[in-house]
Amino acid sequence: MRILLLTAAFFVITICVAQVTPPYSTSFEGAEGTLNDNFPDGWIWEDLNTEPFSNQSWQIIKNTASVTNARTDSTAAHMFSHSSETNNDWLYTPGVQLQGGVSYNISFWYSVASVFASTERLSLKVGYAPIALAMTENLWSDISIDNQAYQQAIATYAPVNDETVYFAFHYFSEELQFILLLDDVNITFDGASINERQVGNWSIWPADGHLTIASDRPVNGQHLAVIDASGRSILDLRLTQERSTVPIHSLAAGVYIATVRDAGGVLRSRRFVVGG
């Protein structure tokens, strides 16, 4: 999907419904050519600068015989600074399906181009649609990027309820800078900082190789979901009685999150350990 701001002051939008589930990662490999917008499936860009400028939008870039642009392999995303306006350019991930009550890490690597010194600005935001107006929450920002070696940033996002969101890289450097590089984007489950949540009288506890889920109220459409430390879905089932027991003795040793939810969101989430 592309979003282009035209001089006639209207948008041309091609709808894209690509969605992903953590763990998700991309290093922008597989793109054909260079200096174009052949991003991985679901990635889109939005250029909100009003003065046209050649190659002034988010694009992919390859390594050359003399310059290494990518952190890994041969491809990275990059922004080339506008010559007469403060930059206002957005790069959006696919829609990311997240589970309420769970914390997620969004990590990425960034640098300036090594062939010319510049000071760049970049932020990471989150919202419910891949447009700038929907990006209402800032997760990370750096307004003085001048490192020519790649540097990692990690931001955390913890939705209260199940939701699908888009993460946005906002390039807002001053005019007459040079090139910002972005590579190796990862979205993973953060098992160390799980937000345990309690709504109502739901209980979840592991014992003797089983996970027990109980409520003192009638069950009405609730679901139990279990994910592992990478965010991979292990179990998702509909609860049919006030007390249910699920075997977990066959799970590999590690950290897991069990969540009870209904149409209104998360009712109870709990972190538990198998084999620890």
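The preceding data block contains the structure.
Procedures and definitions
- Residues numbered from 1 in each chain as written.
- Predicted model: local features only at pLDDT ≥ 70, side-chain atom pairs only at ≥ 80, totals over all residues.
- Heavy atoms only, no water.
- Helix = DSSP H or I, 4+ residues; strand = E, 2+ residues; numbered from the N terminus.
- Buried < 20%, exposed > 50% of the residue type's maximum accessible area, 1.4 Å probe, protein only.
- Contact = heavy atoms within 4.5 Å.
- Areas by Shrake-Rupley, 256 points an atom, 1.4 Å probe, with all protein chains shown as cover.
- Salt bridge = Lys/Arg side-chain N within 4 Å of Asp/Glu carboxyl O.
- Phe/Tyr/Trp six-rings, centres within 6.5 Å; stacked < 30°, edge-to-face > 60°.
- Pairing = 2+ DSSP bridges.
- Polar contact = N/O pair within 3.5 Å; in protein donor to acceptor, adjacent residues only side chain to side chain.

Asker: Quick one: what's the story with the overall build of the chain, residue by residue and with numbers?
Answerer: Along its length, the chain carries zero helices and 23 strands. Within the chain, the proportion of its 276 residues that are buried is 51%. Put simply, 72% of the contacts in the chain that link residues at least 6 apart link residues at least 24 apart. Summed over all atoms, the accessible surface of the chain reaches about 12800 Å², with 50% contributed by carbon and sulfur.

Asker: Can you lay out the pattern of salt bridges for me, pointing to particular residues and giving the numbers?
Answerer: For the structure on display, the rule yields four salt bridges. Glutamate 174 is the partner of arginine 121 in a salt bridge, and the nearest nitrogen-oxygen pair spans 3.2 Å. One end of the pair, arginine 121, is in strand β11 (residues 120-127); the other, glutamate 174, is in the loop between β14 (163-171) and β15 (179-189), with 53 residues separating them in the sequence. The exposure class assigned to glutamate 174 is partly exposed, which follows from its relative accessible area of 41%. One salt-bridge network, in which partners are shared between bridges, spans Asp162, Asp236 and Arg261.

Asker: Account for the packing of aromatic side chains, with residues named and values stated.
Answerer: Under the counting rule described, the total for this entry stands at 13 aromatic pairs. Consider the rings of phenylalanine 80 and phenylalanine 178, whose centres lie 6.0 Å apart with planes at 75 degrees: the pair is edge-to-face. Note that phenylalanine 80 is positioned in strand β7 (residues 75-80) and phenylalanine 178 in the loop between β14 and β15, a separation of 98 residues in sequence. Measuring from centroid to centroid gives 5.0 Å for phenylalanine 108 and phenylalanine 169, while their planes differ by 85 degrees, and the two rings are edge-to-face. One end of the pair, phenylalanine 108, is in strand β10 (residues 104-112); the other, phenylalanine 169, is in strand β14, with 61 residues separating them in the sequence. Pairwise contacts between aromatic rings join Phe28, Phe39, Trp43, Phe108, Tyr110, Trp140 and Phe169 into one cluster.

Asker: If you had to explain the pairing of β14 to someone new, which residues and values would you point to?
Answerer: Within β14, eight of the nine residues are buried, which leaves the element mostly enclosed by the surrounding structure. The pairing of strand β8 (residues 89-92) with β14 spans four bridges and is classified as antiparallel. Along β14, the bridge assignment pairs tyrosine 92 with alanine 168. Taken together, the three bridges between strand β9 (residues 95-98) and β14 define a ladder with antiparallel strand orientation. Bridge pairing links glutamine 97 to threonine 164 in β14. As paired elements, β11 and β14 share six bridges and run antiparallel to each other. Across the sheet, residue leucine 122 finds its bridge partner in β14, namely tyrosine 171.

Asker: Kindly report on the side chain of asparagine 49, identifying the contributing residues and their values.
Answerer: The topology assignment puts asparagine 49 in the loop between β5 (44-47) and β6 (59-62). Of note is the side chain of asparagine 49, whose polar atom sits 3.1 Å from the backbone nitrogen of asparagine 88.

Asker: Please give an account of the environment of asparagine 201 that cites residues and values.
Answerer: One can find asparagine 201 in the loop between β16 (197-198) and β17 (202-207). Judged by relative accessible area, asparagine 201 falls into the partly exposed class, the value being 38%. For the pair asparagine 201 and alanine 214, spaced 13 residues apart in the sequence, the C-alpha separation amounts to 8.3 Å. Not counting residues up to four positions away in its chain, the partners in contact with asparagine 201 are Ala214, Ser215, Asp216 and Arg217.

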